[in-house]
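# Coordinates in review
The chain contents come next:
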Amino acid sequence: MTEHPTAYQEMAAIIARFTEQDREFTTPIEGLFFNRRSSPTQPIHTSQWPCFALVLQGAKSLTLGEEVYRYGVGDYLVVALDLPVISRVTEASATAPHFGLGMAINPDRLKQVIGKAHPVRPMVSPNETRGVAVNKASAQLLDASLRLMRLLDTPDDIPALAPLIEQEILYRLLSGPCGPRLLQIAVTETPSNRVARAIAWLKENFMHPLRIEELAERSGMSASSLHHHFKAVTAMTPMQYQKQLRLHEARRLMLFERLDVGTAGYTVGYQSPSQFSREYSRLYGTSPLRDVARTATAG
């Protein structure tokens, strides 16, 4: 049972008014998204950018590596850096749809808030270095989120007030339980920030062969240190991260660019069609050909 039923009910009502069918909706406020689902979904493999997400009705789960994060009304999710994840709506119905909001975390704006607030950087325990976390939403965070959503009814106020409320939300995240991990990612000379640099390079170059020593040098770390801190932040090794990026992109190429299986695998860096098919089946639970056929039939 939520401690703030009125706030959640008002927020859910706002999303209900601005959404008409099951999908993700962009809003006139930059970086603010709504999601509506009338039934539980199949697992959705996606590359998630840094964001703050709040469930207002229903429940969701997010899988990172082998770890599953579950969150419902009263919980918020923070993703601190770009990560390949599996997302799923676990609780929703036609009479009580899943309603959720998401706000992209802009790294430059986050650094601006850090510069103004000067938060004390605490000692970080190993379980605080992970790039994903779920926590209970505070009354202050809910209040700021609700005020941001209310601006949709006064669009002339959005240019002046939305950036101020966004700063407040970022401040509440920094001063809450997720603060240490956001600081670790944002502050330049920390291992987590160096992992973020490695991730940025991998995203641009995932189709090329991965040489750990080269990636470590680019990140300003030794190979062993990179491996240790990368897994602490992402719950996977650099090789596993690259593999998921490759397979996500190959699936996109087959489904939306209509590339055949062999061409898609080769485009993302696979030299062996059998290896591509094997690793694809391991991640998605079926072969590339069957997955494309099944998705086309469902569409």
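Scope of this entry: the structure provided in the associated data block. Remember, it's a predicted structure, so these values are computed and weren't measured experimentally.

## Some thoughts on the packing of aromatic side chains
Tallying each qualifying case throughout the model produces six aromatic pairs. On the basis of an interplanar angle of 55° and a centroid distance of 6.0 Å, the ring pair of F33 and W49 is categorised as tilted. With a gap of 16 residues between them, F33 in strand β2 (residues 32-37) and W49 in the loop between β3 (44-48) and β4 (51-57) connect regions that are remote in the sequence. For the cation-ring pair, R23 lies above F25, with the distance from its terminal atom to the ring centre recorded as 3.9 Å. Against the face of Y270 rests R246, its NZ or CZ located 5.5 Å from the ring centre.

## Let's talk about helix α6 (residues 191-205)
With 15 residues, α6 extends 21 Å from end C-alpha to end C-alpha; this agrees with the ideal 21 Å at 1.5 Å per step. Residues of α6 that are buried: S192, N193, V195, A198, I199, W201, L202 and N205. Buried-residue contacts for α6 involve β8 (83-91), α5 (179-186), α7 (212-219), α8 (223-234) and α9 (238-256).

## Quick notes on the sheet that holds strand β1 (residues 23-26)
Strand order across the open sheet formed by six strands is β1-β2-β9-β4-β7-β10, with antiparallel pairing between neighbours. At either margin of the open sheet sits one strand with a lone partner, and together these are β1 and β10 (132-136). Sheet twist, expressed as the average angle between the axes of neighbouring strands with direction ignored, equals 20°. Contacts from helix α3 (residues 139-150) reach β2, β4, β7 (75-79) and β9 (98-104), with the element oriented near 85° to β4.

## A look at the sheet that holds β3
Strand order in the open sheet formed by four strands is β3-β8-β5-β6, with antiparallel pairing between adjacent strands. Across the chains shown, the open sheet's two edge strands, defined by having one partner strand only, are β3 and β6 (67-72). The mean angle between the axes of side-by-side strands here comes to 30°, regardless of whether they run parallel or antiparallel. Bridge count for β3 against β8 is five bridges, and the pairing is antiparallel. Opposite Q48, over in β8, you have L83 as the bridge partner. Packed on one face of the sheet, α9 meets β3 and β8 and runs near 65° to β8.

## Overview of the nonpolar core
Ranked by size, the top nonpolar core spans 85 residues in total, and within it L54, L56, L101 and L173 carry the most contacts. The leading source of residues in this core is helix α4 (residues 158-175), at seven residues. Residues in contact with L173, not counting those within four places in the same chain, are F52, Y76, V78, I105, L141, C178, G179 and L182.

## Looking at the state of the cysteines
By definition, a disulfide links the sulfur atoms of two cysteine residues through a covalent bond. Under the criterion given, the structure shown has zero disulfides. Note on C51: no disulfide assigned, nearest cysteine sulfur contributed by C178 at a separation of 11 Å. A residue is classified by how much of its surface remains accessible, and C178, at 0% relative accessible area, is buried.

## Here's the deal with the pattern of salt bridges
Enumeration over the complete set of coordinates arrives at 15 salt bridges. With a shortest N-O distance of 3.0 Å, R147 and D143 are connected by a salt bridge. Taken together, the residues span about one helical turn, with R147 and D143 both in helix α3 at a distance of four residues. Overall, R147 belongs to the partly exposed group, its relative accessible area being 27%. Residue R218 is joined to E214 by a salt bridge in which the shortest nitrogen-to-oxygen separation is 3.4 Å. Of this pair, R218 and E214 both sit in helix α7, four residues apart, which is roughly one turn of that helix. The network of salt bridges with common partners includes E30, R109 and E166.

## Quick word on the pairing of strand β5 (residues 59-64)
Extensive coverage of β5 is indicated by the burial of six of its six residues. Here β5 pairs with β6 via six bridges, running antiparallel. Paired with S61 across the bridge in β6 is R70. Two successive antiparallel strands, β5 and β6, enclose a turn made up of two residues, where G65 displays a positive phi of approximately 60°.

## Focus: the pairing of β8
Remark: a regular strand shows side chains that alternate across the two faces of the sheet. With five bridges joining them, β5 and β8 adopt antiparallel strand pairing. Each residue of the ladder has a partner; that of A59, found in β8, is E91.

Parameters at a glance
Residue numbers restart at each chain and count upward from 1, following the sequence in its written direction. At least 70 in pLDDT is required for a residue's local features to be given in this predicted model, at least 80 for side-chain atom pairs to be given and counted, and no such filter applies to totals for whole chains, interfaces and linings, which use all residues. Side-chain metrics rest on all non-hydrogen atoms present in the structure, leaving aside hydrogens and water. Any Phe, Tyr or Trp ring, taking Trp's six-membered ring, that has another such ring centre within 6.5 Å forms a pair; planes under 30 degrees apart are called stacked, those over 60 apart edge-to-face, and the others tilted. Only runs of H or I of at least four residues qualify as helices and only runs of E of at least two qualify as strands under DSSP, and these elements are numbered from the N terminus. We count a charge as sitting over a ring when the NZ of a lysine or the CZ of an arginine lies within 6 Å of the ring centre and within 35 degrees of the ring normal. A helix is expected to reach a length of 1.5 Å times the quantity of its residues less one. For every residue, the accessible area (1.4 Å probe, protein chains only) is compared with the maximum for its type, and the residue is labelled buried under 20%, exposed over 50%, or partly exposed between those bounds. Here, residues are in contact when the closest pair of their heavy atoms is within 4.5 Å. Strands were regarded as paired on the criterion that DSSP finds at least two bridges between them. Simply put, an axis is a line fit to the C-alpha atoms, just over the touching stretch for a helix, and the angle between two N-to-C directions goes from 0 to 180 degrees. Only buried residues count toward a nonpolar core, which is a set of Ala, Val, Leu, Ile, Met, Phe, Trp, Tyr and Cys residues joined through side-chain atoms within 4.5 Å. In what follows, a disulfide is any cysteine sulfur pair within 2.5 Å. One side-chain nitrogen of Lys or Arg within 4 Å of one carboxyl oxygen of Asp or Glu is enough to make a salt bridge.

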